[in-house]
Amino acid sequence: MAMTTCEKILAKNSGRASVSPGDIVVADVDLLMINEITGPLAERAFEDMGFDKVWNPEKVVAVLDHAIPAVDVRSASVMKKMREFARTHSVKNFYGVGGEGGIAHQLLVEKGLVGPGMLVAGADSHTCTAGAVSALGIGVGSTEAAAILATGKLWFRVPETVKIEVTGHLRPPVMAKDLILSIIGSVRADGATYKAIEYCGEAVSKISIDGRMTIANMSVEMGAKTGIVKTDEATISYLEKTGRSLTLLESDPDARYDKTLQFDASDLEPKIAAPFQADNVMEVGKVEGIEIDQAFLGSCTNGRMEDLRAAANIMCRRRVHPHVRFIVIPASMKIYREALREGILETLLSAGAVISNPTCGPCLGMSQGVLAADEVCVSSSNRNFVGRMGDKTSRVYLASPTTVAASAVAGKITDPRRMWS
Amino acid sequence: MELNNVSGRALRYGDNVNTDVIIPAKYLNTTDIATLAEHAMEPLDPEFRRKVSTCNILVVGRNFGCGSSREHAAMVLKAAGIQAILAESYARIFFRNAINQGIPAFEIRGLSSDVDQGDLLELDLNLWKLRNLTKAITIELSRLPDFLMDILASGGLVNYLKKRRTW
């Protein structure tokens, strides 16, 4: 029977010849990720279930990333418990402060821990980022993570797949972020609930793995269970570098899709999501001139080399506006080192930015850039809910790294085409 | 296995209530759910805690629980006294978290026009009906898969796996 990539992975991992949307299957999980927010609850549930042995420590990745280094005694205690759990259960894929650490979704891809054909469960909603390298990345809760720690399996409802085909090509400084914001604006916040999204087309094939991670990452902002980018030469060459072996599970040409949506990248203008929903998307031009207090470049959505390079292009020979804090957070220590070697961090620092260690921190108002009452932030992250980055009266506009950088310079929301060279 | 029916008054909120407003991330430096429950729904409704004491059935609009996967969201609602959640639709991870916490969670299209704040409701989980006693309306519920009903009847996924040891 013809199947989509998502259906093939769920069939393979549940030992079935085929599956159809709506089927409920119990599937083997190839990799489980937990972090310091969701992990401790999973550990407690694992113990409450009466288990004492992790099914396969090699297949568990434990990451401290949400607010690191610890910001207070409570969070330090939570992280201490995570470290102890990892040690007790011989979880070698443990990433903490410094070293090879960083934001979990970045690490899974960057370290070659995920690849095509894998079923990846993560106790974090942005686990769908793994779809950039054609893995089936699915966000789960903590009790589900505990069930996986105990049994290596979880139940899944086989989702319908929505195909999103993008023609043309992005014209810099328009970035992958502008494309996914545009898609979210059209599909809406619950337009793909419970569904898998498959991204393909000429424009997608020209987007780097960095950009594909941005796209796959925000699939959940449409309610999707996962977002998978079609495997191609770029995927294969990236995976060769990370040492991940390849299991190609392509959608059959006659696979059934819930629907197919067409987008064109060529005429795309810089986009922005105004408060308080990621689907409140408009052209940057429509809100240009709104004064900002903070600009944030980072997060699992946009803290990669391509993002930092694009910001440096704008910051070169320019200064951060005196009323603005420009907070830059590379998504991993590897990216941090690479950006240092390339001179990007120097460009950004000279312009007046502050560079923080890799962490999710400001994206969810936990550390390194929390907003006060009535403050406005232009952010390269993924959510702008009420109070997401701090006080409930603060306002977050989601945009691309180039829009964030241009706005940091101008002190107000600015179309990056005015400063791109 | 039979499930206990739930009755009580409706506590109404709108569409797209996300997990950041159900429990803000700034409080997630602890796993003590009783402490966290003091902040449940804080950015959305500072009166939530007081209201729950008389209105124990959450009745919400579309895409309830969207955003972060934090299970703390389902846990704090339960700890605050919410005994069932009725929504026009749920975000996927929240729905699973609610069932895994043993909270009856049903999707009912068109619900918003049939229930107002404070209406007296009776959720019959054996006959699959929701009765709005205030408005004298009965709404048929679509059945959840047996598998999920077993998890609910166990009181959540922890107890389910504790008893069965496997899926």
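Owing to the predicted nature of the structure, the values given are computational and were not obtained by experimental measurement.

Novice: How do you make sense of the sheet that holds strand β5 (residues 120-124) of chain B when you look at a structure like this?
Specialist: For sheets, the rule is that strands pair by backbone hydrogen bonds, running either parallel or antiparallel. All names here are of chain B. Pairing in this open sheet of seven strands is mixed, and the strands run β4-β3-β2-β1-β5-β6-β7 from one edge to the other. In this open sheet, the two edge strands, each paired with only one partner strand, are β4 (105-107) and β7 (137-140). On average, adjacent strands in this sheet sit at an angle of 25° to one another, irrespective of strand direction. Bridge count between strand β6 (residues 129-132) and β7: four bridges; the pairing is antiparallel. Looking across to β7, one finds that lysine 129 is bridged to glutamate 140.

Novice: How do you make sense of helix α14 (residues 401-410) of chain A when you look at a structure like this?
Specialist: Residues spaced three or four apart along an α-helix point in a common direction, a consequence of the helix completing one turn every 3.6 residues. Residues and elements named next belong to chain A. Counting buried positions over the ten residues of α14 gives ten, a clear majority of the element. Here α14 has its buried residues at Pro401, Thr402, Thr403, Val404, Ala405, Ala406, Ser407, Ala408, Val409 and Ala410. A positive backbone phi angle near 80° is found at glycine 411, which sits one or two residues after α14.

Novice: In this structure, what is going on with the interface of chain A and chain B? I would like to understand it.
Specialist: Accessible area lost during the coming together of the parts is what is often quoted as the interface size. Taken together, the contacts link 45 residues of chain A with 35 residues of chain B. For the side of chain A that touches chain B, the secondary structure elements donating two or more residues are β1 (24-28), α2 (39-48), α3 (73-88), α5 (142-151) and β7 (153-157) of chain A. Per element, the largest residue contribution to the side of chain A that touches chain B is six residues, and it comes from α5 of chain A. Here the residues of the side of chain A that touches chain B sort into 19 nonpolar, 14 polar and twelve charged.

Novice: Please clarify how the sheet that holds strand β4 (residues 93-95) of chain A should be interpreted in this entry.
Specialist: Residues and elements named next belong to chain A. The strand order β4-β3-β2-β5-β6 describes an open sheet built from five strands, whose pairing is parallel. Since the sheet does not close on itself, it has two edges, and those belong to β4 and β6 (136-139), each with one partner. Here the strands of the sheet are splayed against their neighbours by 15° on average, with no regard to which way each runs.

Novice: I would appreciate a short explanation of the pairing of strand β3 (residues 60-63) of chain A in the present structure.
Specialist: Look at any regular strand and the pattern is simple: side chains alternate between the two faces of the sheet. Residue and element names in this part refer to chain A. By the alternation rule, side chains of β3 split into Val60 and Ala62 and Val61 and Val63, which are all buried. Relative to β3, strand β2 (residues 31-35) is paired through four bridges, and the arrangement is parallel. Pairing of leucine 32 across the sheet is with valine 60, part of β3. Summarising the sheet, β3 and β4 pair through three bridges and their orientation is parallel. Across the sheet, the residue bridging to valine 61 is asparagine 93, located in β4. In this fold, the crossover linking β3 to β4 by way of α3 has right-handed handedness.

Novice: Even after reading the chapter, I still don't get the packing of helix α6 (residues 176-187) of chain A against helix α8 (residues 209-217) of chain A, so can you show me in this structure?
Specialist: Relative placement of two packed helices is described by the angle separating their axes and the distance separating the axes. Residue and element names in this part refer to chain A. Across the interface, α6 lies against α8 with an axial gap of 9 Å and an inter-helix angle of 20°. Between α6 and α8, the interaxial angle falls into the category roughly parallel. The interaxial crossing formed by α6 with α8 has right-handed handedness. Of the residues in α8, those in contact with Ala176, Lys177, Leu179 and Ile180 of α6 are Gly211, Thr214 and Ile215.

Novice: Help me understand the environment of valine 120 of chain A in this model?
Specialist: Residues and elements named next belong to chain A. Tracing the backbone shows valine 120 in strand β5 (residues 119-122). We classify valine 120 as buried; it has 27 C-beta atoms within 10 Å. Apart from the residues within four sequence positions on either side, valine 120 is in contact with Asp30, Leu31, Leu108, Val114, Thr127, Ala130, Ala135, Leu136, Gly137 and Ile138.

The rules behind these values
- Residues numbered from 1 in each chain as written.
- Chains lettered and ligands numbered in written order.
- Predicted model: local features only at pLDDT ≥ 70, side-chain atom pairs only at ≥ 80, totals over all residues.
- Pairing = 2+ DSSP bridges.
- Helix = DSSP H or I, 4+ residues; strand = E, 2+ residues; numbered from the N terminus.
- Axes fitted to C-alpha atoms, helices over the stretch in contact; angles between N-to-C directions.
- Buried ≥ 20, exposed ≤ 12 C-beta atoms within 10 Å, placed from the backbone.
- Contact = placed C-beta atoms within 7 Å.
- Nonpolar A, V, L, I, M, F, W, Y, C, P; charged D, E, K, R; others polar.
- Right-handed = clockwise from strand over helix to strand, strands pointing away.
- Parallel < 35°, antiparallel > 145°, perpendicular 65-115°, else oblique.
- Left-handed = near helix turned anticlockwise from the far one by under 90°.

Function cannot be read off these values alone, since they describe shape.
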